[in-house]
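Residue-level listing of the chains:
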Amino acid sequence: MGVIELDGLTKDYGDVLANDDVSFTVETGEIFGYLGPNGAGKTTTIRTLLGLLEPTSGTATVLGADVHDEGALIDAKQRIGYLPAHLGFNEEVTGADVLDYHASVKGGDRRDELLNIFTPPVERPIREYSSGNKRMLGIIQAFMHDPELVIMDEPTSGLDPLKQEEFNEFVRNECERGKTLFFSSHVLSEVRRVCDRVGILRDGKLVGLEDIETLMDQGGKRVRLRTTDEARTELAALDGVSDVQTFADGIQFIYTGEYNTLLRELATHDVREIDISEPPLEDVFMHYYGSAGAGESNQGVHSDA
Amino acid sequence: MILTIGVSLYVAFIVWYFSLVDASAYAQIAESVPPAMREAFGIQTIGTIEGWLGGQIYTFVWLVGLGIYFAYSAAGKIASDIENDRMDLLLSFPVSRSQLLLEKFASMVLPLVLLNVVVGGVTYGLVLAIGETIDPMHLVLAHLLSIPYLLVCAAIGTVLSVLVNRAAVAERAAIGLMFVLWLVESAVGAAEEFSWIQYISPTHYYSPTPVLIDGTYEVMDSGILLAGFLGLLIVSQVLFQRRDI
């Protein structure tokens, strides 16, 4: 049985279909990334899992508790940590007060350990906090009672790159300790470094559910080389070549075809310089979103699906 | 706390003011006031300390001022937590929604009781200080009977608070509603065919001035207030239970 199971989860706000028949399972001990652009419905799914929203149809379970069953969900919440996207701390009290309060309700065995990694100024009132400090305080409260499952909505937004890296390392360690982590993100490059598996949401529909490696494989390779004009035209016409960009004496494209075919073709040309690398995850993502500029979703077209 | 001090200072001013002025002058004022206003402001026997306090403090401050204040502050409780995303974190705790709502409401009961105890004591002390007398039992009763009334006001605010997403909207609605209920109750008292309207207003069931003057009150009125309070609390529970956050 999965730690999180969604079965045909649908949330209809009337004007927007925020979640449309979403089904997937998150297994024990995995880091699951929930990807999608802003407004795709990620937060709706997360808030439904926590019992804040009532699904229009379909259902979901968290640690075996049905989201319709408040009693069961309350028991499960003792073993869940939650980091919301918007942290509504009481602005007037200090960070230490917030943590004391959270510890009194759900426990805080790991508080000191976490304060060594994430360093919000706990003696200062929350109203003086930067968004990064608030985020760190949020991460501490989500993990301090050592829950089995931690659900995080955009956990790294507001963190500086150094803290983001520490967060990534922390998350990998937590996973090795057997925790299950579920987080949403629209920043793709960061997901790739920590996630085992991703679900991709677009306009409320789950459009992809892949191992991160498969996702990267499907994204192909980015090939960049300096060569002759004639070679450029021939390469661009090759099967599996897309997203071609030409410049002065070179060409760059994404290659998703057979490697041998590409290498044989290259061998017939005069290649002066070549660089084959992984494409940025944004490009991989585009593959799921369809053609160029697909980052912007067109709500009207899809909401009636 | 600040409210308690503020109200106490107001009581001090009113009591001191009473000591300055000739009592018979007030009786004339009371007679010159139209009956509808006498009804609204509880100005009946303004010439005695009991009547004076009943009109100036208990009708103005308790019935109108504190009624509106507790409805207003209750209205902000849940709505502001939802508006500031605080509710997300609170409901991630292993607590039920009904428990959360009860705790929020309970947090208002202590200041409500404290205010009555402190201001009641201050008032008694001040009355003695200016050389007047007042029956302490009547004073205690006036405060005690105000508690069910103020609970109803707070419960009205709570219902508004769980209905609305924005604190400012809930708070304004609470102030407006309480004020209208009070006005309606005072205004229709004189008009026979609309007199039934006064029964929907909680202000109809708490009359501090007669309690202060001769200790008369209706047990039934307090019973109705308590029943209304419980009913409103149940309504807010049901609404809060079912809503999306």
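Quick caveat: nothing in here was measured; it's all calculated off a predicted structure.

Definitions and limits used
Residues numbered from 1 in each chain as written. Chains lettered and ligands numbered in written order. Predicted model: local features only at pLDDT ≥ 70, side-chain atom pairs only at ≥ 80, totals over all residues. Helix = DSSP H or I, 4+ residues; strand = E, 2+ residues; numbered from the N terminus. Buried ≥ 20, exposed ≤ 12 C-beta atoms within 10 Å, placed from the backbone. Contact = placed C-beta atoms within 7 Å. Pairing = 2+ DSSP bridges. Axes fitted to C-alpha atoms, helices over the stretch in contact; angles between N-to-C directions. Parallel < 35°, antiparallel > 145°, perpendicular 65-115°, else oblique. Left-handed = near helix turned anticlockwise from the far one by under 90°. Nonpolar A, V, L, I, M, F, W, Y, C, P; charged D, E, K, R; others polar. UniProt positions renumbered as here; feature names shortened; annotations may be inferred. Domains from an automatic or database assignment. pLDDT = per-residue confidence, 0-100. Expected span 1.5 Å × (residues − 1). Arc of directions from axis to C-beta.

**Digging into the overall build of chain B**
When its secondary structure is counted, chain B shows 10 helices and 0 strands. Moving toward the C terminus, one meets the helices and strands of chain B in the order α-α-α-α-α-α-α-α-α-α. In chain B, buried positions account for 41% of the 245 residues.

**Structural notes on the overall build of chain A**
Each helix and strand in chain A was counted, giving 12 helices and 14 strands. Principal-axis analysis of the C-alpha atoms gives chain A an extent of 70 × 45 × 35 Å. A total of 305 residues make up chain A; the buried ones form 38% of that total. Put simply, of all contacts in chain A between residues at least 6 apart along the chain, 69% involve residues at least 24 apart.

**Examining the sheet that holds strand 5 (residues 65-66) of chain A**
Residues and elements named next belong to chain A. Ordered in space as 2-1-4-5, the 4 strands form an open sheet in which the pairing is antiparallel. On the outer flanks of this sheet lie strand 2 (17-26) and strand 5, each paired with one strand and no other. Bridging between strand 1 (residues 4-12) and strand 4 (residues 57-62) involves 5 bridges; their strand directions are antiparallel. From the neighbouring strand, Asp7 faces strand 4, where its bridge partner is Thr59. Against the sheet, helix 1 (residues 42-49) touches strand 1, strand 2 and strand 4, its axis set at about 115° to strand 1.

**Examining the packing of helix 3 (residues 95-106) of chain A against helix 5 (residues 131-143) of chain A**
Residue and element names in this part refer to chain A. Relative to each other, helix 3 and helix 5 sit at 20°, their axes nearing to 10 Å. Comparing their axes, helix 5 and helix 3 come out roughly parallel. At the point where helix 3 passes helix 5, the crossing takes the right-handed sense. Contacts from Gly95, Val98, Leu99 and His102 of helix 3 reach helix 5 at Leu137, Ile140 and Gln141. Of the residues in the contact of helix 3 with helix 5, the class split is 4 nonpolar, 3 polar and no charged.

**With respect to the UniProt feature "domain: ABC transporter" (unreviewed entry) in chain A**
Under the UniProt annotation, "domain: ABC transporter" (unreviewed entry) lies at residues 4-228 of chain A. For residues 4-228 of chain A, helix accounts for 35% and strand for 29%, while the C-alpha atoms at its two ends are 54 Å apart.

**Describing unusual backbone geometry**
Residue and element names in this part refer to chain A. Despite not being glycine, Leu63 has its phi angle at roughly 45°, a positive value. Along the chain, Leu63 falls in the loop between strand 4 and strand 5. A residue is classified by how many C-beta atoms lie within 10 Å of it, and Leu63, with 21 of them, is buried. At Asp203, a residue that is not glycine, the phi angle is positive and equals roughly 50°.

**Regarding the interface of chain B and chain A**
Facing 13 residues of chain B, the contacting portion of chain A comprises 14 residues. Its residues assigned to classes, the side of chain B that touches chain A comprises 6 nonpolar, 3 polar and 4 charged.

**Quick notes on the domain arrangement of chain A**
Each domain of chain A was delimited in the assignment, giving domain 1 (4-216) and domain 2 (221-277). Relative placement of domain 1 of chain A and domain 2 of chain A: their C-alpha centres are 41 Å apart.

**Digging into the sheet that holds strand 9 (residues 197-202) of chain A**
All names here are of chain A. Spatially, the 6 strands line up as an open sheet ordered 6-7-8-3-9-10, and their pairing is mixed. The open sheet is flanked by strand 6 (80-83) and strand 10 (205-211), the only strands paired with a single partner. Each strand of the sheet is rotated relative to its neighbour by a mean of 15°, with strand direction disregarded. By the bridge criterion, 4 bridges tie strand 6 to strand 7 (residues 149-153) in an arrangement that is parallel. Of the residues in strand 7, the one forming a bridge with Gly81 is Val150. Packed onto the sheet, helix 8 (residues 212-219) meets strand 9 and strand 10 and runs at close to 100° relative to strand 10.

**Quick word on the environment of A:Ser277**
Residue and element names in this part refer to chain A. Note that Ser277 resides in strand 14 (residues 273-277). For the pair Ser277 and Gly220, spaced 57 residues apart in the sequence, the C-alpha separation amounts to 9.2 Å. When residues no more than four places from it in sequence are discounted, the contact partners of Ser277 are Lys221 and Arg222.

**Some thoughts on the confidence of the model for chain B**
Of the residues in chain B, 87% reach a pLDDT of 70 or more, and the chain-wide mean stands at 82. Within chain B, helix 3 (residues 35-41) of chain B has the poorest average pLDDT of any element, 60, and helix 10 (residues 219-242) of chain B the best, 91.

**As for helix 6 (residues 161-176) of chain A**
All names here are of chain A. Taking 1.5 Å of rise per residue, 16 residues should cover 22 Å, and helix 6 covers 23 Å from first to last C-alpha, within 8% of that figure. Taken together, the buried positions of helix 6 are occupied by Lys163, Phe167 and Val171. End-on, the buried residues of helix 6 take up no more than an arc of 80°, which puts them together on one face. For helix 6, the exposed residues lying more than 90 degrees away from the buried face are Pro161, Leu162, Asn173 and Glu176. If you follow the buried residues of helix 6, they end up packed against strand 3 (31-35), helix 5, strand 8 (180-185) and helix 7 (188-194). With its phi angle positive at about 100°, Gly178 sits one or two positions after the end of helix 6.

**Things to note about the packing of helix 6 (residues 97-129) of chain B against helix 10 of chain B**
Residue and element names in this part refer to chain B. One way to put it is that helix 6 packs onto helix 10 with a least axis distance of 9 Å and a crossing angle of 135°. Considering their axes alone, helix 6 and helix 10 lie oblique with respect to each other. You can see that helix 6 and helix 10 cross each other, and the crossing is right-handed. Residue-level inspection shows Arg97, Ser98 and Leu101 of helix 6 in contact with helix 10, the latter providing Ser236, Gln237, Phe240 and Gln241. Here the contact of helix 6 with helix 10 is composed, by residue class, of 2 nonpolar, 4 polar and 1 charged.

**Notes on the pairing of strand 11 (residues 221-226) of chain A**
Relative to strand 13 (residues 250-255) of chain A, strand 11 of chain A runs antiparallel, the two sharing 6 bridges. Paired with A:Arg226 across the two strands is A:Gly250, which belongs to strand 13 of chain A.

**Focus: the pairing of strand 9 of chain A**
All names here are of chain A. Counting buried positions along strand 9 yields 5 of 6 residues, so the element is predominantly enclosed. Relative to strand 9, strand 3 runs parallel, the two sharing 4 bridges. From the neighbouring strand, Leu35 faces strand 9, where its bridge partner is Ile200. Strand direction decides the pairing type here: strand 9 and strand 10, joined by 6 bridges, are antiparallel. Within strand 10, the position partnered with Val198 by the bridge is Glu210. Between the end of strand 9 and the start of strand 10, which pair antiparallel, lie 2 residues, with Asp203 showing a positive phi angle near 50°.

**Topic: the environment of A:Leu201**
Tracing the backbone shows A:Leu201 in strand 9. By the C-beta count within 10 Å, which is 25 here, A:Leu201 ends up buried.

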